[in-house]
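Tertiary structure, described
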Amino acid sequence: MKKKLFKHSLLLLAAVMGIYLSACKKSDSPYYDYTNTVQTFKGSAMDYLKSKPNTFDSLLLVLDRFPFLKDSLTNQQVTLFAPVNENFVASVKYLNQTRKAEGKPPVYLKTGDPDELLYMLTKYIIRGNKTTYDYADNVDGITLNTIGFNYPMHIKAVKSNASGFVGGGATTLEYSDMYGSTIQLNWVTTNTNAVNIKTNNATINILTPLHNFGFDEFTYRLDQ
């Protein structure tokens, strides 16, 4: 009887270990090849934005004011760091709280100064079609210019940790407005929630909802 119980216990332990090793294979092994799979979308960058209702409505509203930018996102090779609706809501709310305190009427995306909006919007569109793999080999990140104003923005790939494997997780991007400074403390940086969405003409990286559109300049530029 004891032999049967011992044999049964060994079989049960083997089964449990098999399940454990199978579950750990993709996340706990330091030899697992963590990669960011490039997502593909059949259409242009503009088509992708339009295909995501309740996510990019504010961005599309601003883009409607600048047909040449819509053309760039349809036909040119670019990289878009796409702000979501929450990024605009926070910025507009704070702007109008400030204007109300000053006794001024509210300003919205449809009525904001077009030159100032254009200047801020182009910061999110980089020349050239690039994925995270183009930044991965540079530990300090790289500086690339925006369309329109050739404004320098800094991009750095950061690998998160996974199951105790340092640098073994998914890659995110830190996207920074350097404000012409080489001192990182002077930069305003945001992060991505999703990367490497590949369209016919562009790569789209989606920003975290915590980012305020305009890199802290929205109120300053539109409260004129």
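Let me sum up the structure you'll find in this document.

Rules used throughout
Residues numbered from 1 in each chain as written. Predicted model: local features only at pLDDT ≥ 70, side-chain atom pairs only at ≥ 80, totals over all residues. Heavy atoms only, no water. Salt bridge = Lys/Arg side-chain N within 4 Å of Asp/Glu carboxyl O. Helix = DSSP H or I, 4+ residues; strand = E, 2+ residues; numbered from the N terminus. Buried < 20%, exposed > 50% of the residue type's maximum accessible area, 1.4 Å probe, protein only. Phe/Tyr/Trp six-rings, centres within 6.5 Å; stacked < 30°, edge-to-face > 60°.

Moving on: the pattern of salt bridges. According to the stated counting rule, one finds 8 salt bridges in the structure shown. Here Arg221 and Glu116 are joined by a salt bridge, their closest N and O atoms 2.7 Å apart. With a gap of 105 residues between them, Arg221 in helix H7 (residues 218-222) and Glu116 in helix H6 (residues 114-121) connect regions that are remote in the sequence. You'll find Arg221 and Glu116 in the same group, each marked buried. Across the pair Glu217 and Arg221 runs a salt bridge, and its minimum N-O distance is 3.0 Å. Given a relative accessible area of 12%, Glu217 falls into the buried group. Of the residues examined, Arg221 reaches a relative accessible area of 15% and is grouped as buried. Ionic contacts of the salt-bridge type, sharing partners, join the residues Glu116, Lys123, Asp177, Glu217 and Arg221 into one network.

What follows deals with the packing of aromatic side chains. Using the criterion set out here, one finds 10 aromatic pairs in the structure. Ring centres 4.4 Å apart and planes at 25° place the aromatic pair Phe88 and Phe213 in the stacked group. In this pair, Phe88 is assigned in helix H5 (residues 85-101) and Phe213 in the loop between strand S8 (202-207) and H7, connecting sequence segments 125 residues apart. Each member of the pair Phe88 and Phe213 is classed as buried. Seen from their ring centres, Tyr175 and Phe215 are 6.0 Å apart, and the 65° between their planes marks the pair as edge-to-face. A residue pair is termed long-range when its members are at least 10 positions apart, and Tyr175 in strand S6 (residues 171-177) and Phe215 in the loop between S8 and H7 qualify at 40 residues.

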